[in-house]
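Summary of structural features
What follows is each chain in one-letter form.
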Amino acid sequence: VEAAPAGGLTCRFWDFASTEKALAKDDPDFTAGVLMRLVDGVTYVLDCFAEQLGPVAAETTMRNLSRQDAADAGRVRSRYMSRWELEPGAAAIRYNRQLVAQLAGIDAAGRHSQGDKITRAKPLAAQAQAGNVKLVRGAWNEAWLRHMHGQPDLAHDDIMDASAGAYNALAAGATPQKARSYDGGAN
């Protein structure tokens, strides 16, 4: 489609990697951020970012795109969320607090994953098969489709992880939930 409708709920979900591509033969994981909007039961994939970045560049990109996304969502009266996977362990909880602080003023939070990667992607796949997922035309469309249709056989699953995370966050955010603190506990 050419554009997504206004309103609804918008989320960019991040799948972070931490190794910058240094040599032509290197093939580290990608930092991927997929932006989606849920309006009247239809999910619109608005953007897909995926690059092999080191930690500083990944954080800078996440911060800049999240602020831009929030401003864009505000212009079309859509509530915006920035989300990422909250890895287990104390260091990840501290890192999560850092990311939330960098996005002050934005609904930002890490989320614990539920189940394996393919299981997490199945709700998005089911909606796509039912015709309830639309891509907004962009230069990233072909790469996103190739990646999603190539799973689980591709070497990388970062775009799928970010896409599933965005969809699942939208589905959870569309219904009232108890607020969660930065470490996953209830407030």
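Everything discussed here concerns the structure shown above.
The present account deals with the structure reproduced in this document. All values derive from a computational prediction rather than experimental measurement. (Residues numbered from 1 in each chain as written. Predicted model: local features only at pLDDT ≥ 70, side-chain atom pairs only at ≥ 80, totals over all residues. Heavy atoms only, no water.)

Once that is clear, we can look at the overall build of the protein chain. On a plain count of helices and strands, the protein chain comes out with five helices and six strands. The buried share of the protein chain, taken over its 187 residues, is 42%. Sequence-distant contacts in the protein chain: of pairs separated by 6 or more residues, those separated by 24 or more amount to 69%. Looking at the protein chain as shown, the accessible area adds up to about 9,800 Å², and 53% of this sits on carbon and sulfur atoms. (Helix = DSSP H or I, 4+ residues; strand = E, 2+ residues; numbered from the N terminus. Buried < 20%, exposed > 50% of the residue type's maximum accessible area, 1.4 Å probe, protein only. Contact = heavy atoms within 4.5 Å. Areas by Shrake-Rupley, 256 points an atom, 1.4 Å probe, with all protein chains shown as cover.)

A few words on the packing of helix α4 (residues 141-149) against helix α5 (residues 158-173). Closest axis-to-axis distance for the α4/α5 pair is 9 Å, and the angle between their directions is 95°. Judged by the angle between their axes, α4 and α5 are roughly perpendicular. Contacts between α4 and α5 pair W144, H147 and M148 from the former with D158, I159, M160 and S163 from the latter. Classifying every residue of the contact of α4 with α5 by side-chain character gives four nonpolar, two polar and one charged. (Axes fitted to C-alpha atoms, helices over the stretch in contact; angles between N-to-C directions. Parallel < 35°, antiparallel > 145°, perpendicular 65-115°, else oblique. Nonpolar A, V, L, I, M, F, W, Y, C, P; charged D, E, K, R; others polar.)

So, about the environment of S163. Checked against the element boundaries, S163 lands in helix α5. In contact with S163, not counting residues within four places along its chain, are V34, M36, L124, W144 and M148. Here the side chain of S163 touches W144 through a polar contact of 2.9 Å, side chain to side chain. (Polar contact = N/O pair within 3.5 Å; in protein donor to acceptor, adjacent residues only side chain to side chain.)

On to α5, then. In this model α5 runs 22 Å from its N-terminal to its C-terminal C-alpha over 16 residues, within 8% of the 22 Å that 1.5 Å per residue would give. For α5, the tally of buried residues reaches 13 of 16 residues, placing the bulk of the element in the interior. (Expected span 1.5 Å × (residues − 1).)

Attention shifts here to the sheet that holds strand β5 (residues 107-111). In spatial order, the strands read β5-β4-β1-β2-β3-β6; together these six strands make up an open sheet with mixed pairing. Looking at which strands have only one partner, the edges of the open sheet turn out to be β5 and β6 (133-135). Put simply, the sheet's adjacent strands are angled 25° from each other on average, direction ignored. One ladder, built from six bridges, connects strand β1 (residues 9-15) with strand β4 (residues 79-85); its direction is parallel. When the sheet's bridge partners are listed, C11 is paired in β4 with M81. Seen against the sheet, helix α2 (residues 90-102) touches β4 and β5 and runs at an angle of roughly 165° to β5. Contacts from α4 reach β2 (31-39), β3 (42-51) and β6 within the one sheet, and its direction differs from that of β6 by about 140°. (Pairing = 2+ DSSP bridges.)

Below, the discussion takes up the pairing of β2. Among the nine residues of β2, nine are classified as buried, and the element is accordingly described as predominantly covered. On β2, burial covers both faces: T31, G33, L35, R37 and V39 on one face and A32, V34, M36 and L38 on the other are all buried. The pairing of β1 with β2 spans seven bridges and is classified as antiparallel. Bridged to T10 within β2 is R37. Bridge count for β2 against β3 is nine bridges, and the pairing is antiparallel. From the neighbouring strand, L35 faces β3, where its bridge partner is D47. Here β2 folds back onto β3, and the loop between the two strands holds two residues, one of which, D40, carries a positive phi near 50°.

Geometry only, nothing functional implied.
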